[in-house]
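The lines below spell out each chain.
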There are 2 protein chains.
Amino acid sequence: MRYLHTMVRVKDLEKSMDFYRLLGLEEVRRHESEEGRFTLVFMAPPGQPECPVELTYNWDGDEGLPSDSRHFGHLAYEVEDIYGKCAELQAAGVVINRPPRDGRMAFVRSPDNVSIELLQKGGAKPPEEPWASMGNTGHW
Amino acid sequence: MRYLHTMVRVKDLEKSMDFYRLLGLEEVRRHESEEGRFTLVFMAPPGQPECPVELTYNWDGDEGLPSDSRHFGHLAYEVEDIYGKCAELQAAGVVINRPPRDGRMAFVRSPDNVSIELLQKGGAKPPEEPWASMGNTGHW
């Protein structure tokens with residue numbers, strides 16, 4: 001058996017791809033179905049194409065279920081520099097729901113409310129402002 | 001950047017571990033926190049420890065959010081023999097929500113309603129009963 005992907009549904013493909021690109025992922029594969037009226041875009045960290053998130057975009061929309069949940073938690077990625085990554089995300093308008101106060105862990109949400117955990121490679125960095133004293137925003 | 005895991009919350013750790021074991025995953029790592037009152041169990045396909053699902057078990061429960069969602073789709077795994085795997089799951093009481101009628105794809109749900117896609121390695125097998133004429137059960 002082999003892990004293939006984690007699938008999330010997106011309402012706006014371009015907006016979502018922008019978000020995941022900003023996070024550091026790149027498109028590794030794409031499948032469009034005229035008949036099924038959907039587009040699947042697989043995005044993975046550079047050098048790690050075997051661990052993609054699959055963005056499912058239904059051309060005719062996808063309503064009816066909650067956009068938050070208890071059973072699904074988050075996607076987690078390790079980053080080289082958690083402060084740099086959070087600054088980059090914030091500059092692009094992404095809310096840092098859980099700032100990396102501890103130099104180790106941050107949470108953001110995708111445009112579709114998918115919770116994303118960012119973890120500092122190699123363990124916690126020394127605390128650094130403005131993050132160290134930044135409060136939480138919402139939940140994640 | 002590096003993919004680390006997909007996290008799902010579970011209400012009954014043993015029951016969930018049984019399910020994911022049955023699927024073919026094995027425990028690769030575990031973290032218990034007395035202080036935080038939670039247990040994290042990482043389970044991955046044999047030989048693929050870098051792609052785990054993280055089961056988060058909160059000792060005091062975890063209510064309040066929907067147990068179904070629109071944004072999160074599923075976890076996908078490739079299997080050697082989709083008929084054999086579905087038979088094994090079914091014998092253990094797992095509902096095959098979307099039977100592998102096409103010899104290629106099946107869906108089941110975890111005890112916490114997490115949708116799991118199973119895909120036949122190497123592409124579709126020839127149709128086979130009882131799967132070929134089995135209807136869907138619920139959604140996934």
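Please refer to the structure placed before this passage.
Everything numeric here is computed off the predicted structure, so don't read it as measured data.

Caption draft 1: Expanded view of the overall build of chain A. When you go through chain A residue by residue, the secondary structure sums to 2 helices and 7 strands. Its C-alpha atoms give chain A a radius of gyration of 16 Å, near enough to 14 Å, the size a compact globule of 140 residues would have. Overall, chain A is about 50 × 35 × 30 Å in size when its C-alpha atoms are taken along their principal axes. Pairs at least 24 apart in sequence give 53% of the contacts found in chain A among residues at least 6 apart.

Caption draft 2: Structural context of the nonpolar core. Ranked by internal contacts, the top residues of the largest apolar core, which has 60 residues, are M43(A), Y77(A), I116(A) and Y77(B). Not counting residues up to four positions away in its chain, the partners in contact with Y77(B) are M1(A), R2(A), Y3(A), L4(A), L23(B), P45(B) and L118(B).

Caption draft 3: Local environment of the relation of the copies chain B and chain A. Superposing chain B onto chain A takes a rotation of 180° plus a shift of 0.0 Å along the axis, which leaves an RMSD of 0.0 Å. These values place the two chain copies in the arrangement generated by a two-fold rotation axis. Taking C-alpha positions as reference, the residue of chain B nearest the rotation axis is S69(B), located at 2.7 Å.

Caption draft 4: Broad picture of helix α2 (residues 82-91) of chain A. Residue and element names in this part refer to chain A. Along α2, the residues classified as buried are I82, K85 and C86. Viewed end-on, α2 has its buried residues packed into an arc of 95°, placing them on one side of the element. Set apart from the buried face of α2 by more than 90 degrees, the exposed residues are G84 and A91. Just beyond α2, the residue with positive phi is G93, at close to 95°.

About the thresholds
- Residues numbered from 1 in each chain as written.
- Chains lettered and ligands numbered in written order.
- Predicted model: local features only at pLDDT ≥ 70, side-chain atom pairs only at ≥ 80, totals over all residues.
- Helix = DSSP H or I, 4+ residues; strand = E, 2+ residues; numbered from the N terminus.
- Rg over C-alpha atoms; globule rule 2.2 N^0.38 Å.
- Contact = placed C-beta atoms within 7 Å.
- Core = buried A, V, L, I, M, F, W, Y, C linked by C-beta atoms within 7 Å.
- Buried ≥ 20, exposed ≤ 12 C-beta atoms within 10 Å, placed from the backbone.
- Least-squares fit on C-alpha atoms with pLDDT ≥ 70 in both.
- Arc of directions from axis to C-beta.

Purely spatial values, then, with no claim about function.
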